[in-house]
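The residues making up each chain are set out below.
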Amino acid sequence: MNPAREPSRIDVTRWDETQSAEGVFRSIVAGGLPLFLSMIAASVGSAIVVAILGDYDTAALAAFNLTGSVYTPASVALSGCLRAAVPFIAPYRENPRVAVPIIRDSYWFGVVIGTMGAFPVTLVPLVGSLFGASPEILNELGSLPLLMALNLLVITVGGARTSVLIAYGKNRQVLWVAVTSTASAMLLTPLLVSGAGFLPGLGISGAGVALVVSSTASAVQANIHLRNVPVLSGASLWPGRPRPHKIKELARVGVPSSATLLVKAFALGLASLGVARIGASAGAVHAVLSSINGFLMVASLATAQAAVPILARAAAAGDLALCRRIARTSLLVGVSVAGAGACVLLAAKPWIIGVFTPDPAVRGEVGSLLGLMILSALPEGAKAASGRSLLALKEARVSLVNFAVGYSLLALSIFPVRDHFGLAGIWWSIAAVNVYLAIKQTIDFRRTSRVKIQAPA
């Protein structure tokens, strides 16, 4: 074989521990648990930063939320692009001659997307002025937009390395990277925002500095873990000279993957706007239901992401049956764990809802809609699993088309449904779209896998 060319097949015997149904299950669970914990750690870290700013000053929290309205979509887009590197790297991870150039390409791709995302974050004061943000909030922004733009660039570096760790199956190291980031943010945010001892309080800028430092610490740790991967020992991971044609290949998968997340975020943001017009109580109920739904979804997302590298390797080996077994196991594990979480939620409903709100009216409405939210969450988990399986086949464009259709229907239905059926109607619409997408994504994965992978005779 010419070493300059990328192999089209990999030696399946090198990872035959995932061949059996039991092996696939064990690999997905073992890989998904650290990712699940890392996602929880990231959520906890974000919630703590918000809580500290809320306790410090209401205007500071509002300014942070305004910055987040631009920063969050940029961060989501970056995340969608970076994860596209996993199916490119995973099939060749035993062959550094092939894998290392792809790793370098993924760094360049991340830098391009991160820079494009960071620029609009610096324009938050202008965006806030155009959308009528109050002068009190605009005056509170200070250097936060610039710090958050810098934070996005740092996350680009760390995220690129984290994606490579996932491609190499080093998910425990990904967990420690997340723990480092969360612990740093928890320690530094209160110190830098309010000050302590000889340290002066920096206010909202302190929160930005804390996030930049915590992201830098996690990026450094991710790089150390990557250098400790045995097969990469001695290989130079510096970006080097960019290969535009290879970066373009990553973009063909990463950009649709990113756009898929943004389409969903736009439609659900429109749903939140529609609910807000019903009233404050409905808005609070919707926020609580969305938060609980997010925690149920973490398990499905983690197991789906853990399946991407092993499914990509099966696809590169040309094993259609194994690809489908991995996809099926990922779906069943994710939905089963989410279902178990739903059972715990129903059993401890009064206590869990009480954590989110003390308002009796809001608690009662959340309780009455909890079953509907669970009905929506389970197919959403299945949709996530099938979407990641399509990503493993480098077919993110299929998901983008499906999401564009499904979430366009949701966006068009929100206001008429709200006017006739209220908040419950909106959640029924969300559940219906999730069911449609779960079915469509699963069917499309089977069709796409049959077309792209030659089944064994």
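Residues numbered from 1 in each chain as written. Predicted model: local features only at pLDDT ≥ 70, side-chain atom pairs only at ≥ 80, totals over all residues. Heavy atoms only, no water.

Caption draft 1: Examining helix α15 (residues 396-452) more closely. End to end, α15 covers just 14 Å across 57 residues, shorter than the expected 84 Å (1.5 Å per residue, more than 12% under). The sharpest bend along α15 comes to roughly 135 degrees, located at Phe421. (Helix = DSSP H or I, 4+ residues; strand = E, 2+ residues; numbered from the N terminus. Expected span 1.5 Å × (residues − 1). Bend = angle between axes of the 7 residues up to and from the residue.)

Caption draft 2: Highlighting the environment of Val435. Inspection of the secondary structure puts Val435 in helix α15. Take Val435: its relative accessible area is 37%, and that puts it in the partly exposed class. (Buried < 20%, exposed > 50% of the residue type's maximum accessible area, 1.4 Å probe, protein only.)

Caption draft 3: Just the packing of helix α4 (residues 96-122) against helix α10 (residues 244-276), in detail. At a minimum axis separation of 9 Å, α4 and α10 run at an interaxial angle of 60 degrees. Seen from above, α4 lies across α10 with right-handed handedness. Where α4 abuts α10, its residues Asp105, Ser106, Trp108 and Phe109 lie against Lys246, Ile247, Leu250, Ala251, Gly254 and Val255. Residues that form the contact of α4 with α10 fall into these classes: six nonpolar, two polar and two charged. (Axes fitted to C-alpha atoms, helices over the stretch in contact; angles between N-to-C directions. Left-handed = near helix turned anticlockwise from the far one by under 90°. Contact = heavy atoms within 4.5 Å. Nonpolar A, V, L, I, M, F, W, Y, C, P; charged D, E, K, R; others polar.)

Caption draft 4: Just the confidence of the model for the protein, in detail. For the protein, mean pLDDT is 84; residues scoring 70 or higher make up 93% of the total. Here residues 1-9 is modelled with pLDDT under 50, and outside its nearest four sequence neighbours on either side it reaches 13 contacts, counting other chains as well. Within the model, the stretch residues 11-17 combines pLDDT values under 50 with 10 contacts to residues more than four positions away or in other chains. (pLDDT = per-residue confidence, 0-100.)

Caption draft 5: Main features of the packing of aromatic side chains. Scanning the entire structure with this criterion turns up one aromatic pair. Both rings, one in Phe403 and one in Tyr407, keep their centres 5.4 Å apart while their planes meet at 50 degrees; by these two values the pair is tilted. Here the residue Phe403 and the residue Tyr407 both occupy positions in helix α15, the gap between them amounting to four residues, near one helical turn. Assessed through its relative accessible area of 7%, Phe403 is described here as buried. Note on Tyr407: relative accessible area 3%, which makes it buried. When the ring centre of Tyr107 is taken as origin, the NZ or CZ atom of Arg161, which lies over that ring, is 4.4 Å away. The residue whose ring lies beneath Lys394 is Phe88, and the NZ or CZ to ring-centre distance is 4.3 Å. (Phe/Tyr/Trp six-rings, centres within 6.5 Å; stacked < 30°, edge-to-face > 60°. Lys NZ or Arg CZ within 6 Å of the ring centre and 35° of its normal.)

Caption draft 6: Structural view of the packing of helix α2 (residues 58-82) against α10. It is the contact of α2 with α10, at a shortest axis distance of 7 Å, that shows an interaxial angle of 140 degrees. With respect to each other, α2 and α10 are oriented oblique. Of the two possible hands of crossing, α2 and α10 adopt the one that is right-handed. For the pair formed by α2 and α10, the contact residues are Pro73, Val76, Ala77, Gly80 and Cys81 on the first element and Gly254, Val255, Ser257, Ser258, Leu261 and Leu262 on the second. Looking at side-chain class alone, the contact of α2 with α10 contains seven nonpolar, four polar and no charged residues. (Parallel < 35°, antiparallel > 145°, perpendicular 65-115°, else oblique.)

Caption draft 7: Here's a closer look at the environment of Ala271. Assignment of secondary structure puts Ala271 in helix α10. Judged by relative accessible area, which is 1%, Ala271 ranks as buried. For Ala271, the contacting residues outside a window of four places in its chain are His286, Ile414 and Ile426.

Caption draft 8: Here's a closer look at the side chain of Ser106. Mapped onto the fold, Ser106 is located in helix α4. On the basis of relative accessible area, Ser106 is assigned to the buried category, the value being 4%. Side-chain polar atoms of Ser106 contact the backbone oxygen of Ile103, separated by 2.6 Å. The residues touching Ser106, leaving out its near neighbours within four places in the chain, are Ala85, Val164 and Leu250. (Polar contact = N/O pair within 3.5 Å; in protein donor to acceptor, adjacent residues only side chain to side chain.)

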